[in-house]
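# An overview of the molecular structure
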Amino acid sequence: MRPARPDDLAAIVALTTDAYAPYTAIFDAPPIPVTEDYAPRVERGEVWLLDEEEKLAGLIVLERHPDHAMIFSVAVAPAFQGRKLGIKLLDFADEQARSWGVPEVRLYTNSRMERNIALYSAYGYRETGRRANPYRPGWTLVDMTKPVHRAV
């Protein structure tokens, strides 16, 4: 894992677009991470990249808050899916939360991303509520949280 740099922006956008492409087709519109401006996030140190075989295989966008870490996006390049890299990215979020001294990691996802919800649930996240997406009328967000235990 490495922090993203400004010269990674094109690769971040391409990977995110490719990873979310199946949902773009289902929703008839791109999910929020596809339309995000990543330059400020890279500048704030929120974007982390996972390289495999000397290629960008995945990324996680992780925000630091006073009482939690918030995952904005987890994306794995289609060529690298099925290799448990998403779990590796979620493990990284847990490690960062511990290093920041916050007790939990939070995320939200679209209610129609059932496969993702199942993955997060299997990984220890629990649903804490559902709400309307303020940016996309008719879309419902699922809020989820996972406690992280302090390193021993």
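Cut-offs used in this document
- Residues numbered from 1 in each chain as written.
- Predicted model: local features only at pLDDT ≥ 70, side-chain atom pairs only at ≥ 80, totals over all residues.
- Heavy atoms only, no water.
- Helix = DSSP H or I, 4+ residues; strand = E, 2+ residues; numbered from the N terminus.
- Rg over C-alpha atoms; globule rule 2.2 N^0.38 Å.
- Buried < 20%, exposed > 50% of the residue type's maximum accessible area, 1.4 Å probe, protein only.
- Contact = heavy atoms within 4.5 Å.
- Areas by Shrake-Rupley, 256 points an atom, 1.4 Å probe, with all protein chains shown as cover.

### Structural notes on the overall build of the protein chain
When you go through the protein chain residue by residue, the secondary structure sums to 5 helices and 7 strands. Helices and strands appear in the protein chain in the N-to-C order β-α-α-α-β-β-β-α-β-α-β-β. For 152 residues, the compact-globule estimate of 2.2 N^0.38 gives 15 Å, and the protein chain sits close to it at 15 Å. The burial tally for the protein chain puts 46% of its 152 residues in the buried class. Here the analysis covers contacts within the protein chain between residues at least 6 apart in sequence; of these, 60% occur between residues at least 24 apart. On the protein chain, roughly 8200 Å² of surface is accessible, and the fraction owed to carbon and sulfur atoms is 53%.

### Describing the side chain of T16
Mapped onto the elements, T16 comes out in helix α1 (residues 9-27). Leaving out residues up to four positions away in the same chain, T16 has contacts with P33, V34, Y38 and L59.

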